[in-house]
Amino acid sequence: MNRQTRQNARLGWRLAAGAALVLLAGCSRLQQANARLETIESDRARGLVRDCLWKHGSHYRWVERDSVRLEVERTDHAPGSARAKPGSAEATPGSERTSAEVWTWDIARGDVRIERPAAGEVILADGLGGGVFVGGKRTADLEARDEAAGAVRLVRELAAMPFSLLGPGLRIECLDSETGPAGARVWDRLLVRYGRASPAGPADSAVVEIRRDTGRVEAVILRWTELPFAGRRWRIEMDDWRPEGDLLVSHRWRFFPADDSGARAGPVRWTFRFVRWTWDVTTPGRLFSRP
């Protein structure tokens, strides 16, 4: 599937997701979250999700948040652009480049703004799309726009983990359990598929690993079509869980290429450290429409 075909398909998926949201428009965010939790068919999967939500502060607290501003330190463990693919000439192992980013997310509406000052880049996204601006001008570069879509998904799905498991159109089921050395630790694994009511592509999927004794999400193995993931498996290990307000959030993500089982298949490629979380920030009307 070429880039243009993939983008057209995504537009169709987003329109389907928009139609689903219209059906729920008359419901409060809490009612929507409760309804999505109850639509998980497997009793065991539903129980795991419910328990995991409570361990991270509960979805009752999450839906009270209107917006969040994240100050992020991103480290690329290989030189070149943020879109350099593993194995490319730009990706020389052993080098690092750290840059600052600011993510602002209107949780209630779904709008996202990602600022990358070092690159002079701003990514804007609303419910139906968005744009990438370099030096204040919108770029038509398809690769840049595809990478921006992947970055926005990190905000909406990983920053909100595990509350993003109550997103629209998800089909969640138990996959299996994994036991660590000497049986000291056990992880329950949930398989997440994206239905037509989700803005993601139908080929996308994720596996969420929940440590049984703590109830915390410790890893997500994703297969997303957007760049820089490009349909490959990536293992994101989430740790340094600490409270921010009344919610428990991860302050570090590490991205590793993964094999078919979801295990690490190479060195760390990206690290994200979250320096500051600020809840319920004031979001001016043009914040998500102007660079």
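All of the points below concern the structure found in this document. (Residues numbered from 1 in each chain as written. Predicted model: local features only at pLDDT ≥ 70, side-chain atom pairs only at ≥ 80, totals over all residues. Heavy atoms only, no water.)

### A word on the pattern of salt bridges
So, point 1. What the rule picks out here adds up to 33 salt bridges.
So, point 2. Between Glu38 and Arg50 there is a salt bridge, with the nearest N and O atoms lying 3.1 Å from each other. Of the two residues, Glu38 sits in helix α2 (residues 29-38) while Arg50 sits in helix α3 (residues 43-55), which places them 12 residues apart along the sequence.
So, point 3. Among the residues examined, Glu38 registers a relative accessible area of 47% and is labelled partly exposed.
So, point 4. The closest approach of N and O atoms between Arg65 and Asp246, which form a salt bridge, is 3.0 Å. Note that Arg65 is positioned in the loop between α4 (59-62) and β1 (67-76) and Asp246 in the loop between β11 (233-244) and β12 (247-257), a separation of 181 residues in sequence.
So, point 5. What emerges from the salt-bridge pattern is a single network uniting Asp176, Glu178, Arg189, Glu209, Arg235, Glu237, Asp239, Arg252, Arg254 and Arg264. (Salt bridge = Lys/Arg side-chain N within 4 Å of Asp/Glu carboxyl O. Helix = DSSP H or I, 4+ residues; strand = E, 2+ residues; numbered from the N terminus. Buried < 20%, exposed > 50% of the residue type's maximum accessible area, 1.4 Å probe, protein only.)

### Some words on empty space enclosed by the protein
So, point 1. Using the criterion set out here, one finds two cavities of 30 Å³ or more in the structure.
So, point 2. Approximately 60 Å³ is the volume attributed to the largest cavity.
So, point 3. Lining the largest cavity, in full, are Arg74, Arg116, Glu147, Ala151, Leu154, Pro228, Phe229, Phe255, Trp270 and Phe272.
So, point 4. A per-element tally of the lining of the largest cavity places helix α5 (residues 142-158) first, with three residues.
So, point 5. Considering only enclosed or pocket space, the second largest cavity measures out at about 30 Å³ in volume.
So, point 6. Forming the boundary of the second largest cavity are Leu158, Ala159, Met161, Met238, Trp241, Val249, Ser250, Trp253 and Trp277.
So, point 7. Looking at the lining of the second largest cavity residue by residue, the class counts come to eight nonpolar, one polar and no charged. (1 Å grid on protein atoms, 1.4 Å probe; cavity = no way out; pocket = protein on both sides within 12 Å on 5 of 7 lines; lining within 4 Å. Points joined across faces, edges and corners; volume = space filled by probe spheres on them. Nonpolar A, V, L, I, M, F, W, Y, C, P; charged D, E, K, R; others polar.)

### Considerations on the packing of aromatic side chains
So, point 1. Evaluation of the coordinates by the stated rule reveals 17 aromatic pairs.
So, point 2. On the basis of an interplanar angle of 90 degrees and a centroid distance of 6.0 Å, the ring pair of Trp62 and Trp279 is categorised as edge-to-face. In this pair, Trp62 sits in helix α4 while Trp279 sits in strand β13 (residues 270-279), placing the two residues 217 residues apart along the sequence.
So, point 3. Since its relative accessible area comes to 13%, Trp279 is described here as buried. (Phe/Tyr/Trp six-rings, centres within 6.5 Å; stacked < 30°, edge-to-face > 60°.)

### A word on the environment of Gly231
So, point 1. Along the chain, Gly231 falls in the loop between β10 (217-223) and β11.
So, point 2. With residues near it in sequence (within four places) discarded, Gly231 still touches Arg223, Trp224 and Thr225. (Contact = heavy atoms within 4.5 Å.)

### Concerning the side chain of Ser164
So, point 1. Looking at the element boundaries, Ser164 is found in the loop between α5 and β7 (170-179).
So, point 2. When its relative accessible area of 15% is taken as the criterion, Ser164 is described as buried.
So, point 3. Residues contacting Ser164, with those up to four places away along its chain left out, are Arg156, Glu157 and Leu170.

### Quick word on the nonpolar core
So, point 1. Trp253 and Phe255 are the most contacted members of the largest nonpolar core, which has 60 residues in total.
So, point 2. Apart from residues lying up to four places away in sequence, Phe255 is in contact with Leu154, Leu158, Phe229, Trp234, Arg235, Ile236, Pro267, Val268, Arg269, Trp270 and Phe272. (Core = buried A, V, L, I, M, F, W, Y, C linked by side-chain atoms within 4.5 Å.)

### Here we look at unusual backbone geometry
So, point 1. Looking along the chain, the bond that leaves Met161 and enters Pro162 is cis, with omega of 10 degrees.
So, point 2. The omega torsion across Leu227 and Pro228 is 5 degrees, close enough to zero to call that bond cis.
So, point 3. Structurally, Pro228 is set in the loop between β10 and β11.
So, point 4. Within the chain, Ser58 stands out as a residue other than glycine whose phi angle is a positive 85 degrees.
So, point 5. For Ser58, the position within the fold is in the loop between α3 and α4.
So, point 6. Of note, the phi angle at Ala230 is positive, near 55 degrees, even though the residue is not glycine.
So, point 7. Relative to the assigned elements, Ala230 resides in the loop between β10 and β11.
So, point 8. Assessed through its relative accessible area of 33%, Ala230 is described here as partly exposed.

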